[in-house]
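Examination of the molecular architecture
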Amino acid sequence: MKKIIILFLTVMSLQIFGANYKVTGNNLTQKELKTNNSEIEKEIKRFFTEDYIEVIKDELAKRTEGYEELRKAYSSLVDKYISEMEYKINEINYLSDKKANVITELKGIDFENLDVEKILDEKNVDNKLIKELFSNLNKEEMVEIFQMDETEAEEIVIKKFLPHLIEVILEEIDRVKTYRVDKIELELDKINGKWEITAEN
């Protein structure tokens with residue numbers, strides 16, 4: 001229940017940066033434009049607060065299948081990304097009264113340009129984690145680890161190291177505030193009187 005509440009609050013707090021946008025290619029009256037623009041805005045919001053987040057979480061589940069500790073750790077990064085994600089409509093281009101192209105921008109944390117190795121190096125994380133890992137093991141457990149096969153040893157490392165690694169990375173994200181903006185083009189069709197996203201480019 002707690003996780004559901006947190007996710008709900010996160011989604012509800014998803015920000016729209018810059019509410020102004022350009023409207024082109026229309027033969028609609030001002031009243032029709034106002035109504036259609038409002039309906040398209042709602043569909044774009046639904047896409048970014050529901051569909052887009054679902055895709056991210058599905059991808060996370062696929063990549064971490066069989067690794068529960070890895071899934072928990074990466075979930076923290078995903079939750080952080082979602083909590084700081086912002087979207088913006090740049091342009092609504094009406095191709096007809098039932099078809100439109102919408103150009104949007106999505107602003108989010110730039111994980112690709114986050115130099116994790118440098119972060120770990122500067123904070124001496126590797127040595128600290130190794131020290132912590134082995135300080136919690138008795139002699140028999142240490143011998144057992146060295147006798148494990150690669151998969152078993154990897155599971156121990158993931159379980160012991162990842163929570164601390166993720167904590168360090170999250171702290172660094174808050175410190176450096178590195179973001180990227182991606183352009184996303186969406187095609188919408190008015191189906192049975194309701195605007196729906198039918199394609200993403």
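The structure this text deals with has already been given above.
Let me begin by describing the structure that accompanies this report.

Thresholds applied
The numbering scheme is per chain: residues are counted from 1 as the chain's sequence reads. The predicted origin of the model limits local features to residues at a pLDDT of at least 70 and limits the giving and counting of side-chain atom pairs to 80 or more, whereas totals for whole chains, interfaces and linings rest on all residues. Hydrogen atoms and water are omitted, and side-chain values are computed over all heavy atoms in the structure. Each pair of aromatic rings taken from Phe, Tyr and Trp, with Trp reduced to its six-membered ring, is defined by centres within 6.5 Å and is described as stacked if the planes are under 30 degrees apart, edge-to-face if over 60, and tilted in the remaining cases. Runs of H or I in DSSP of at least four residues are treated as helices and runs of E of at least two as strands, each being numbered from the N terminus. Exposure categories follow from relative accessible area, calculated using a 1.4 Å probe and restricted to protein chains: below 20% of the type maximum is buried, above 50% is exposed, and the middle band is partly exposed. We call a charge positioned above a ring when the Lys NZ or Arg CZ atom is no farther than 6 Å from the ring centre and deviates by at most 35 degrees from the ring normal. Every helix has an expected span of 1.5 Å times one less than the residues it contains. Between any two strands, at least two bridges found by DSSP are needed for them to pair. Residues adjacent in sequence count toward polar contacts only when both atoms are side-chain atoms; beyond that, a polar contact is any pair of N or O atoms within 3.5 Å, and within protein one must be able to donate a hydrogen and the other to accept it.

1. Observations concerning the packing of aromatic side chains
Inspection of every chain in the model, using the stated rule, returns 6 aromatic pairs. For the ring pair F48 and Y52, a centre distance of 5.9 Å and an interplane angle of 55 degrees mean the geometry is tilted. Of this pair, F48 and Y52 both sit in helix α2 (residues 30-63), 4 residues apart, which is roughly one turn of the helix. By relative accessible area, F48 is classed as buried at 0%. Three or more aromatic residues joined by ring pairs make a cluster, and in this case those are F47, F48, Y52 and Y87. Just above the ring of Y179 sits the side chain of K107; from NZ or CZ to the centre is 5.1 Å.

2. Things to note about helix α3 (residues 68-84)
An ideal rise of 1.5 Å per residue puts 24 Å on 17 residues; α3 measures up with 25 Å between its terminal C-alpha atoms. Within α3, burial applies to L70, A73, S75, L77, V78, K80, Y81, I82 and E84.

3. Points about the pairing of strand β3 (residues 86-96)
Bridge count for strand β2 (residues 22-24) against β3 is 3 bridges, and the pairing is parallel. The residue bridging K22 from the neighbouring strand is E91, located in β3. Hairpin connection of β3 to strand β4 (residues 99-109): 2 residues between the antiparallel strands.

4. A word on the environment of S96
Structurally, S96 is set in strand β3. By relative accessible area, S96 is classed as partly exposed at 33%. As for S96 and K190, which are separated by 94 residues in sequence, their C-alpha atoms are 9.8 Å apart. Within the structure, S96 has its side chain in polar contact with the backbone nitrogen of K98 (distance 3.1 Å). Polar side-chain contacts of S96 include one of 3.2 Å to the backbone nitrogen of K99.

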